[in-house]
Amino acid sequence: MIRVLIADDQAMVRQGFGALLAAQPDLLVVGDAADGAAAVTAARQLNPDVILMDVRMPVMDGLEATRRLAGGPGGGPSGGPKILILTTFDLDDYVYEALRAGASGFLLKDAPAADLVQAVRVVAAGEALLAPSVTRRLIAEFTTRPQKNRTRPVALNALTPRETEVLRLIARGRSNQEIAADLVVAEQTVKTHVGRILTKLALRDRAQAVVFAYETGLVAAGE
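To keep things clear, this report deals only with the structure shown in the data block.

1. With respect to the overall build of the protein
The helix and strand inventory of the protein stands at 10 helices and five strands. Going through the 223 residues of the protein one by one, you find that 47% of them count as buried. A separation of at least 24 residues holds for 67% of the contacts in the protein among residues at least 6 apart in sequence. Carbon and sulfur atoms make up 52% of the accessible area of the protein, which totals about 10600 Å².

And the structure:
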């Protein structure tokens, strides 16, 4: 059973998402919160597996709440809940900061009901929910940054050449199925590589792997 917490300052959104998710046999809505501070408190009391987190909320916004719960810079333990950011088209600028804060994915508030349900399951399973548009936004973020000579992080030395290759493909937004096709290997083999990469680099999920690859210069924007 996947335990879900809903954080949004609009009561209708909380109630609507709650009713939809509660109707699924494998999902359990354990609570909701109307602001980021309440979400942090509720998450620590209720131990959800996934939090649906709105960005714009009073008292504390969704980004700060994500940092405190997901183990981002200045945040809590790395074993915290997976956080799915609820967003709208005009919040595109938040993509990079949310990923750095520890978010595992993004979902448009007006997405079809089936997409919401699937998104919760995907994130709970440890996958990142990164649409191609989100990956392009992340690349654009780095394209506008001045290029600096970066030293290769020592952690990368722990990866095999094949694992490094898989990490580069993850950073370009490729799915396991696509990576398997690119490398002509079984999808299960790719899953094994991904699991080892996350473990060796102490990363939460694929979303964090994408940020790591760009921030360390393993993948350059525009490649």
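2. Some points on the nonpolar core
Nonpolar side chains tend to gather and get buried jointly when the protein is soluble and globular. Grouped together as the largest cluster of nonpolar side chains are 24 residues, with contacts concentrated most on A7, I51, M53, L69, I83, I85 and A98. Of all elements in the fold, only β1 (2–7), α2 (36–46), β3 (50–54), α3 (62–70), β4 (82–87), α4 (95–101) and α10 (206–215) reach the threshold of two or more residues within this core. Counting residues in hydrophobic clusters, the runner-up holds 23 residues, among them I170, I179, V210 and Y214.

3. A short note on the pairing of β3
Counting buried positions along β3 yields five of five residues, so the element is predominantly enclosed. Taking every second residue as pointing to the same face, both faces of β3 are buried, with V50, L52 and D54 on one and I51 and M53 on the other. Relative to β3, β1 runs parallel, the two being bridged by four bridges. From the neighbouring strand, V4 faces β3, where its bridge partner is V50. In the sheet, β3 pairs with β4 via five bridges, with the strands oriented parallel. Each bridged residue has a counterpart across the sheet, and for V50 the counterpart in β4 is K82.

4. A look at unusual backbone geometry
Even without being glycine, V59 reaches a positive phi, approximately 70°. The topology assignment puts V59 in the loop between β3 and α3. Residue class for V59 comes out exposed when judged on its relative accessible area of 72%. One non-glycine residue, V184, lies in the positive phi region at around 55°. Relative to the elements of secondary structure, V184 occurs in the loop between α8 (176–183) and α9 (187–201). A relative accessible area of 72% places V184 in the exposed class.

5. Comments concerning the environment of N157
By the element assignment, N157 lies in the loop between α6 (132–143) and α7 (161–171). The class for N157 is exposed, based on a relative accessible area of 53%. C-alpha of N157 to C-alpha of K200: the two residues are 43 residues apart in sequence and 9.7 Å apart in space.

6. A short note on α10
The element α10 is largely enclosed, with a buried count of nine among its 10 residues. Taken residue by residue, α10 has R206, A207, Q208, A209, V210, V211, F212, A213 and Y214 as its buried positions. Looking at the residues trailing α10, positive phi occurs at G217, about 85°.

7. Re the packing of α7 against α8
It is at 10 Å that the axes of α7 and α8 come closest, and there the two elements cross at 130°. In this view, α7 runs oblique relative to α8, as classed from their interaxial angle. As α7 runs across α8, the sense of the crossing is right-handed. Where α7 approaches α8, its residues R162, E165, V166, L169 and I170 are matched on the opposing element by I179, D182 and L183. By residue class, the composition of the contact of α7 with α8 is five nonpolar, no polar and three charged.

8. Structural notes on the packing of α7 against α9
In contact at an axis separation of 10 Å, α7 and α9 are set at 95° when each is read in the N-to-C sense. Viewed along their axes, α7 and α9 adopt a mutual orientation that is roughly perpendicular. On α9, the residues that touch R162, E163, V166, L167 and I170 of α7 are H193, V194, R196, I197, K200 and L201.

Rules behind the numbers
Residues numbered from 1 in each chain as written. Predicted model: local features only at pLDDT ≥ 70, side-chain atom pairs only at ≥ 80, totals over all residues. Heavy atoms only, no water. Helix = DSSP H or I, 4+ residues; strand = E, 2+ residues; numbered from the N terminus. Buried < 20%, exposed > 50% of the residue type's maximum accessible area, 1.4 Å probe, protein only. Contact = heavy atoms within 4.5 Å. Areas by Shrake-Rupley, 256 points an atom, 1.4 Å probe, with all protein chains shown as cover. Core = buried A, V, L, I, M, F, W, Y, C linked by side-chain atoms within 4.5 Å. Pairing = 2+ DSSP bridges. Axes fitted to C-alpha atoms, helices over the stretch in contact; angles between N-to-C directions. Parallel < 35°, antiparallel > 145°, perpendicular 65-115°, else oblique. Left-handed = near helix turned anticlockwise from the far one by under 90°. Nonpolar A, V, L, I, M, F, W, Y, C, P; charged D, E, K, R; others polar.

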